[in-house]
Amino acid sequence: MKNVFIFLIVFFMVENAKAVIGLSEFSIQTQYLSDGKLKVNNEKVTTAFKAEFILSRDLLSSGQFEAGNCTVSIIYTESPNYITQATSNNNYENDPSTIVLATKNVTSSDYNNGAVALMVDSRGKSTSCILPASKFLGKILLRIKYYDTSLSRDITVYSTTRYEIYVPHLTKIQSMGFSISGIKDFNSTYYGRC
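This is a predicted model, so every value here is computed, not measured.

1. Overview of the overall build of the protein
For the protein, the helix and strand inventory stands at one helix and 12 strands. Going from the N terminus to the C terminus, the protein shows its helices and strands as β-β-β-β-β-β-β-β-β-β-β-β-α. In the protein, once contacts between residues fewer than 6 apart in sequence are set aside, the share between residues at least 24 apart is 70%. For the protein, the accessible area works out to roughly 9,900 Å², and carbon and sulfur atoms hold 48% of it.

Following this line, the structure appears as structure tokens:
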């Protein structure tokens, strides 16, 4: 499989219940990365990139697979440490910095070979994302939302893979010992672009 930066095998357990949907992989394509971070050449404009993910779904005792219906979103947040893996009560939804960069509704027809949903380049299903301008202090991650019939409730799970953002000239400013927090425009009277 080409253009895959990182593989992550994670199966989620919630309150001792078997997971209905698991995330096997989430990655941003390598041509959009620099040292494992999303490269943003100009923070004043939007940045387009493509990401990929692979899901798995449970096999029922009947021999049939779970439907595997879910909503997958790639999000940006400046508060990535509020949540721990497989926690249903989280603060991402209430965090004002959280922005949805792309969303896909996955159904049973999206799953390949029964168990695995391939949303990757090899099947032409990479996900196109747009990072808004002036967003570089947070991280990019994947969110899965689905209804767990065994628990009779909605479940929200986040990927442990979280991409930082690399802005070359801002990184240079940071290396000189200056903070970039709150700085949005380097073309102003007070800041010259490096």
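2. Topic: the pairing of strand E4 (residues 47-57)
In terms of burial, E4 is largely enclosed, as nine of its 11 residues are buried. Bridging between strand E1 (residues 21-28) and E4 involves seven bridges; their strand directions are antiparallel. Bridge assignment links Glu25 to a residue of E4, and that residue is Ile54. Here five bridges tie E4 to strand E9 (residues 127-131), and the two strands are oriented antiparallel to one another. Considered in E9, the bridge of Ala48 is made with Ile130.

3. As for the environment of Asn42
Positionally, Asn42 belongs in the loop between strand E3 (37-39) and E4. For Asn42, a relative accessible area of 29% gives the class partly exposed. It is 8.3 Å that separates the C-alpha atoms of Asn42 and Ala133, two residues lying 91 residues apart in sequence. Only 2.9 Å separates the side chain of Asn42 from the backbone nitrogen of Lys44, close enough to count as a polar contact.

4. Looking at the packing of aromatic side chains
Throughout the structure, instances matching the rule amount to one aromatic pair. Centre to centre, the rings of Phe26 and Tyr163 are 5.8 Å apart; their planes meet at 85 degrees, and the pair counts as edge-to-face. A residue pair is termed long-range when its members are at least 10 positions apart, and Phe26 in strand E1 and Tyr163 in the loop between strand E11 (153-158) and strand E12 (165-166) qualify at 137 residues. Residue classification places Tyr163 among the buried residues on the basis of a relative accessible area of 2%. Directly above the ring of Tyr111 sits Arg57, whose terminal nitrogen or CZ lies 4.4 Å from the centroid.

Scoring rules and cut-offs
Residues numbered from 1 in each chain as written. Predicted model: local features only at pLDDT ≥ 70, side-chain atom pairs only at ≥ 80, totals over all residues. Heavy atoms only, no water. Helix = DSSP H or I, 4+ residues; strand = E, 2+ residues; numbered from the N terminus. Contact = heavy atoms within 4.5 Å. Areas by Shrake-Rupley, 256 points an atom, 1.4 Å probe, with all protein chains shown as cover. Buried < 20%, exposed > 50% of the residue type's maximum accessible area, 1.4 Å probe, protein only. Pairing = 2+ DSSP bridges. Polar contact = N/O pair within 3.5 Å; in protein donor to acceptor, adjacent residues only side chain to side chain. Phe/Tyr/Trp six-rings, centres within 6.5 Å; stacked < 30°, edge-to-face > 60°. Lys NZ or Arg CZ within 6 Å of the ring centre and 35° of its normal.

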